[in-house]
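Examination of the molecular architecture
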Amino acid sequence: CLKRMATLYRPRRHLVLRSFATVGSEDFQREDIYKILDLDDEVFLKEYCESKRYRGSGPGGQHRNKVETCARVTFKPSGISATGCDHRELKLNMNLALHRLKTKIAVEVRYPYETVEEVKFKFPGTKGRLSTTNKAFPLFVAQTLDIIAGAKGQVKPAADAFGVTSSAMVRLLFSEKSVVTSVQKIREANGLRPLKSR
């Protein structure tokens, strides 16, 4: 049984995730995680995840109690998992679970940049906005948090890396509770005050 080997706030250069998926026993590096988060959901599910159907309560009434329409997916290299049970259809719940899982990986797995001044990424949204349901959101989160962790909690380097304003970056961070919680803990670990919503 693999233990979860994700680090959130400790100043550690590399996080090693031993995979028993198709990558064998090779160690993951930052770019490996970025590529995984950018994979099409079908490939991500097939190559790196285990999935399970189950019955749940909620939309659908008795239909939900009789049919396994909920989905749980687990990222095999670390054991991180997420569920989807918001819809009546299994396919929709599976897509939701996969998106949640990618976002969870992006939040929990850290590879802080040692130097952040030269880090540049193309912003995947428009006019400083990006929906949390956008397929590009998990990768954006991973890149942003890695920059913030490397910058000892400062948000401006992440904003500069994506070519958006600091205010826009703060709004993006606050758009997802787990993301801003991660940022606040990074800041706390570096002796900074909590970030305020704008």
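Below you will find a few notes about this structure.

1. Here's the deal with the packing of aromatic side chains
Working definition: an aromatic ring pair is given by the centre-to-centre distance plus the angle between the planes. By the definition in use, this model includes 9 aromatic pairs. Ring geometry for Tyr-34 and Phe-121: centres 6.3 Å apart, planes at 80°, overall edge-to-face. One end of the pair, Tyr-34, is in helix α1 (residues 30-37); the other, Phe-121, is in the loop between α4 (90-108) and α5 (137-150), and 87 residues separate them in sequence. Taken together, a centroid distance of 6.2 Å and an interplanar angle of 25° make the contact between Phe-44 and Phe-75 stacked. Here Phe-44 is found in helix α2 (residues 41-48), whereas its partner Phe-75 is found in strand β2 (residues 70-75), with 31 residues between them in sequence. Pair check on accessibility: Phe-44 and Phe-75 agree, each one buried. Ring pairing ties together the aromatic residues Tyr-34, Phe-121, Phe-123, Phe-137, Phe-140 and Phe-162, which thus form one cluster.

2. Some remarks on the pattern of salt bridges
Counting across every chain of the model gives 4 salt bridges. Its salt-bridge partner being Lys-102, residue Asp-41 comes within 3.1 Å of it at the nearest N-O pair. With Asp-41 in helix α2 and Lys-102 in helix α4, this pair connects stretches of sequence that are 61 residues apart. Under the relative-accessibility criterion, Asp-41 is labelled buried at 16%. Between Arg-110 and Asp-146 there is a salt bridge, and its shortest N-O distance comes to 2.7 Å. One end of the pair, Arg-110, is in the loop between α4 and α5; the other, Asp-146, is in helix α5, and 36 residues separate them in sequence.

3. Digging into unusual backbone geometry
Glycine aside, the phi torsion of most residues is negative, and most peptide linkages are trans. Residues other than glycine seldom take positive phi values, yet Lys-127 does so here, at roughly 55°. Looking at where Lys-127 falls in the secondary structure, it is placed in the loop between α4 and α5. A residue is classified by how much of its surface remains accessible, and Lys-127, at 85% relative accessible area, is exposed. Of note in this structure, Lys-152 is not a glycine but carries a positive phi near 55°.

4. Focus: the sheet that holds strand β3 (residues 80-84)
Taken in spatial order, the 3 strands of this open sheet run β1-β2-β3, and their pairing is antiparallel. Unpaired on one side and paired on the other, β1 (49-54) and β3 mark the two borders of the sheet. Neighbour-to-neighbour, the strand axes of the sheet open up by a mean angle of 20°, direction not taken into account. Looking at chain direction, β2 and β3 are connected through 5 bridges and run antiparallel. Among the inter-strand pairings, Ala-71 is bridged to a residue of β3, identified as Gly-84. In the packing of α2 onto the sheet, the strands contacted are β1 and β2, and the crossing angle to β1 comes to about 100°.

5. Structural notes on helix α8 (residues 177-189)
If you check α8, its first and last C-alpha atoms are 18 Å apart, about what 13 residues at 1.5 Å a residue would give, namely 18 Å. Taken as a whole, α8 has its buried residues at Val-179, Val-180, Ser-182, Val-183, Ile-186 and Arg-187. Projection of α8 onto a plane perpendicular to its axis shows the buried side chains occupying an angular sector of 155°, all on one side. In α8, the exposed positions angled more than 90 degrees off the buried face are occupied by Lys-177, Glu-188 and Ala-189.

6. Some details on the state of the cysteines
Taken as a whole and judged by the stated rule, the model has 1 disulfide. Paired through a disulfide, Cys-70 and Cys-85 show a sulfur-sulfur distance of 1.8 Å. In this pair, Cys-70 is assigned in strand β2 and Cys-85 in the loop between β3 and α4, connecting sequence segments 15 residues apart. Look at Cys-70 and you get buried, because its relative accessible area is 0%.

Analysis parameters
Residues numbered from 1 in each chain as written. Predicted model: local features only at pLDDT ≥ 70, side-chain atom pairs only at ≥ 80, totals over all residues. Heavy atoms only, no water. Phe/Tyr/Trp six-rings, centres within 6.5 Å; stacked < 30°, edge-to-face > 60°. Helix = DSSP H or I, 4+ residues; strand = E, 2+ residues; numbered from the N terminus. Buried < 20%, exposed > 50% of the residue type's maximum accessible area, 1.4 Å probe, protein only. Salt bridge = Lys/Arg side-chain N within 4 Å of Asp/Glu carboxyl O. Pairing = 2+ DSSP bridges. Axes fitted to C-alpha atoms, helices over the stretch in contact; angles between N-to-C directions. Contact = heavy atoms within 4.5 Å. Expected span 1.5 Å × (residues − 1). Arc of directions from axis to C-beta. Disulfide = S-S within 2.5 Å.

In short, the description is geometric, and any link to function would need to be established separately.
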